[in-house]
Amino acid sequence: MIIQYTPLSFRQRKVLFRDRNCDLDSPKGLLYKQPGITLGRCDVVAVTPWSAPIVWEETFDPVLVDAIYKPKNLTIATTVFAIGKYIRFLRDFLETAEKHFMVDFKVHYHIFTDQPQEVPSVNLAAGRKIFVHQVPKLNRWQDISASRMQMIQTIIEEQLHREADYIYCQDVDAKFHFRWGAETLDRLVGQIHPWFYDLSRDQFTYERRPESTAYIPPGEGDFYYIGAMFGGRVEEVYKLVKRCHENLEADKANGIEAAWQEESHLNWYLLYNKPSKILSPEYLWDDKRDKTNVMKVVRLSHILKNYAEVRENA
Amino acid sequence: MVRKIRIILAFGLYATNLRCSISNIQPTSHGKTWWTQREDLSRKRSWNVESPERLLYKQPSATRGGSDVMAVTPWLAPIIWEETFNPELVDAIYKPMNLTIATTVFAVGKYIRFLGEFLETAEKHFMVDFKVHYHIFTDQPQEVPAVNLAAGRKIFVHQVPKLDRWQDISASRMQMIQTIIEEQVHREADYIYCQDVDAKFHFRWGAETLDRLVGQIHPWYYDLSRDQFTYERRPESTAYIPSGVGDFYYIGAMFGGTVEDVYRLVKKCHENIEADKAKGIEAAWQEESHLNWYLLHNKPSKVLSPEYMWDDQRGKTEVMRVIRLSQILKNYGEVRENV
């Protein structure tokens, strides 16, 4: 299946994205613990300097959050790329997602793969669907990774703008272990990288060459966001992927590949277009790293693997 | 063409900030027209949070600097305290948006005496460097003091009747705010903050408060259990909140947000107040009870700590690093229409 690229004009886009109620309606009679304003976790910071929440265990009430968001009849799209040997991770990703990811919500899994026949059949709960999109396998893993921006842009234009309210773009080589739910829903959502959350901004592996469109000079930076997870409302993610794709192409024309490909571009974008919500490392950990004191739960983690074995070029 | 004439008139009347009155506020049916057509008629706004390149500020952390206060509600709305936000960053994000912020105050009867200080201290601390429209509702337009306003800031004076009971004056605000939004504010402002006049600003009260729907924690109730909140407890009232539920006790003296969201709040509260009146009920704390009902079931997207509305009658407590605005000491017996 060849994905046709049909850019939408801005006017069309305004009309065509799903209309949505942004209220936080809370049902009468719902019982939950009273919020306090002088008690809570002191070992973590729950809000950024621009007042976006940082989501950690015990900063939100899952019962209340579900009661607010479930009645909205939302559809959440998620994209994963399972190309070449990465197809082997897909089953665990889907099976654990069925247990923990947006449970009781309508979820559309958009799977991009060069081997549609290898997509495992997985029991899905009611209201959840899989869409398989065939894409070519490129020779370099860096190119496969970077091409995701354009493909997400295209699938939003072709299909998602009609069918989904939120979209979360994820890596396939990960497993869910714990609730990963509606507390993550917001306009534009970034994920803190599990290896960088406790480092100084000058240690972040931003692109440091001024010639690149992803350039971030020393002395700037909020968090180092991981390319393996970003999300939000479809229109916001559309703007992000479109801009990152344009910047990637501009760099390519200049003969530059940013330090960490689309992750560098994502970090540039989220520094200057701040996310409205940030996910703590609970939402994407790395099995190679031991659990640290601040991590009360691990909800999703990159699994151990041999890069030399699974990547197209090591 | 008519719109152009109105704008020119408005400019002519208000350019020099003289006190002046426009027509008595009458509830209109025009509200329906604006509300159903609001997609086209509301001011367009981008929800992007754009931050300029090369702006320098201290690095945020997700783990260092956790504090003694909760900075977020259980539905993940931020609670604004000193040191939870960076004022330079916030200003750098919001100033380029060219926003207009409306604020309403009611200075009826003897409450007009508080207006001068409210306005003068607002000029020092409230949304500094932003375009602010003060909408002053009073029965004595001639008593509105002349205050020097910074560039881009205006005063609009609306004449309203003085009712006999302070409870009625207080509760009527919902309807008047609804009307002024329908008549004017929906065209001219992006955000609206509805405040009490008997208060003074002492410290920055700024763009960190901007959000879709904003509630203010009551300074006397932030540390009490929900069953001690003075919600309306009679099931016959539309403002009824049973025991065992409740997030915060929000003060009626400050609520705000985008014009559309505040419009829905005041409209609903006004309808509920009328429904109660038809049944011969007045809620425990008038429109504050209705506000609390509304914000319990339509959760605010941002909550302001008691820093943003303190009470001079209460001594400063440990959690209060700054006081930005406070209700001043006064003799209720002296200033209220009826005690």
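In this text the structure is predicted, and so the values were computed from the model without any measurement.

### Here's the deal with the UniProt feature "binding site: UDP-N-acetyl-alpha-D-galactosamine" (unreviewed entry) in chain A
All names here are of chain A.
Piece 1. Following the UniProt record, the feature "binding site: UDP-N-acetyl-alpha-D-galactosamine" (unreviewed entry) maps to Phe81, Ala82, Ile83, Tyr86, Asp171, Val172 and Asp173 here. Over a stretch of 93 residues, the named residues converge on one spot in the fold, their C-alpha atoms separated by at most 11.1 Å.
Piece 2. With residues near it in sequence (within four places) discarded, alanine 82 still touches Ile87, Leu90, Phe112, Thr113, Asp114, Gln115 and Val172.
Piece 3. Discounting chain neighbours no more than four positions away, the residues touching isoleucine 83 are Phe112, Thr113, Asp114, Gln115, Val135, Pro136, Lys137 and Ile144.

### Regarding the UniProt feature "binding site: Mn(2+)" (unreviewed entry) in chain A
All names here are of chain A.
Piece 1. Under the UniProt annotation, the feature "binding site: Mn(2+)" (unreviewed entry) is placed at Asp171 and Asp173.
Piece 2. For aspartate 171, the position within the fold is in the loop between β5 (166–170) and β6 (174–176).
Piece 3. Excluding anything up to four places from it in sequence, aspartate 171 contacts Val80, Phe93, Arg148, Ala228 and His302.
Piece 4. Apart from residues lying up to four places away in sequence, aspartate 173 is in contact with Tyr86, Phe89, Ser301, His302, Ile303 and Lys305.

### Some words on the UniProt feature "binding site: an alpha-L-fucosyl-(1->2)-beta-D-galactosyl derivative" (unreviewed entry) in chain B
Residues and elements named next belong to chain B.
Piece 1. Feature annotation in UniProt assigns "binding site: an alpha-L-fucosyl-(1->2)-beta-D-galactosyl derivative" (unreviewed entry) to the following positions: His218, Thr230, Glu288 and Asp311.
Piece 2. Looking at the secondary structure, you find histidine 218 in the loop between β7 (213–217) and β8 (250–258).
Piece 3. By relative accessible area, which is 11% here, histidine 218 ends up buried.
Piece 4. Other than its neighbours up to four places away in sequence, histidine 218 contacts Tyr249, Tyr250, Ile251 and Glu288.
Piece 5. Ignoring anything within four residues of it in the chain, the contact list for glutamate 288 reads His218, Tyr249, Tyr250, Ile251 and Gly252.

### Digging into helix α7 (residues 262–272) of chain A
All names here are of chain A.
Piece 1. The element α7 is largely enclosed, with a buried count of 11 among its 11 residues.
Piece 2. Every buried residue of α7 is listed here: Glu262, Glu263, Ser264, His265, Leu266, Asn267, Trp268, Tyr269, Leu270, Leu271 and Tyr272.
Piece 3. Buried-residue contacts for α7 involve α4 (141–146), α5 (148–163), β7 (188–192), β8 (225–233) and α6 (234–253).

### Section: the pairing of strand β3 (residues 106–113) of chain A
All names here are of chain A.
Piece 1. Taking burial as the measure, the 8 residues of β3 include 7 buried ones, the bulk of the element.
Piece 2. Relative to β3, strand β2 (residues 75–81) runs parallel, the two sharing 7 bridges. Within β3, the position partnered with alanine 77 by the bridge is histidine 108.
Piece 3. Handedness of the crossover joining β2 and β3 through helix α3 (residues 90–100) is recorded here as right-handed.

### Notes on the UniProt feature "binding site: Mn(2+)" (unreviewed entry) in chain B
All names here are of chain B.
Piece 1. This chain's UniProt record puts "binding site: Mn(2+)" (unreviewed entry) on Asp196 and Asp198.
Piece 2. Tracing the sequence through the fold places aspartate 196 in the loop between β5 (191–195) and β6 (199–201).
Piece 3. Among residues more than four places away in sequence, those in contact with aspartate 196 are Val105, Phe118, Arg173, Ala253 and Gln327.
Piece 4. As for its position among the elements, aspartate 198 is in the loop between β5 and β6.

Scoring rules and cut-offs
- Residues numbered from 1 in each chain as written.
- Chains lettered and ligands numbered in written order.
- Predicted model: local features only at pLDDT ≥ 70, side-chain atom pairs only at ≥ 80, totals over all residues.
- Heavy atoms only, no water.
- UniProt positions renumbered as here; feature names shortened; annotations may be inferred.
- Contact = heavy atoms within 4.5 Å.
- Helix = DSSP H or I, 4+ residues; strand = E, 2+ residues; numbered from the N terminus.
- Buried < 20%, exposed > 50% of the residue type's maximum accessible area, 1.4 Å probe, protein only.
- Pairing = 2+ DSSP bridges.
- Right-handed = clockwise from strand over helix to strand, strands pointing away.

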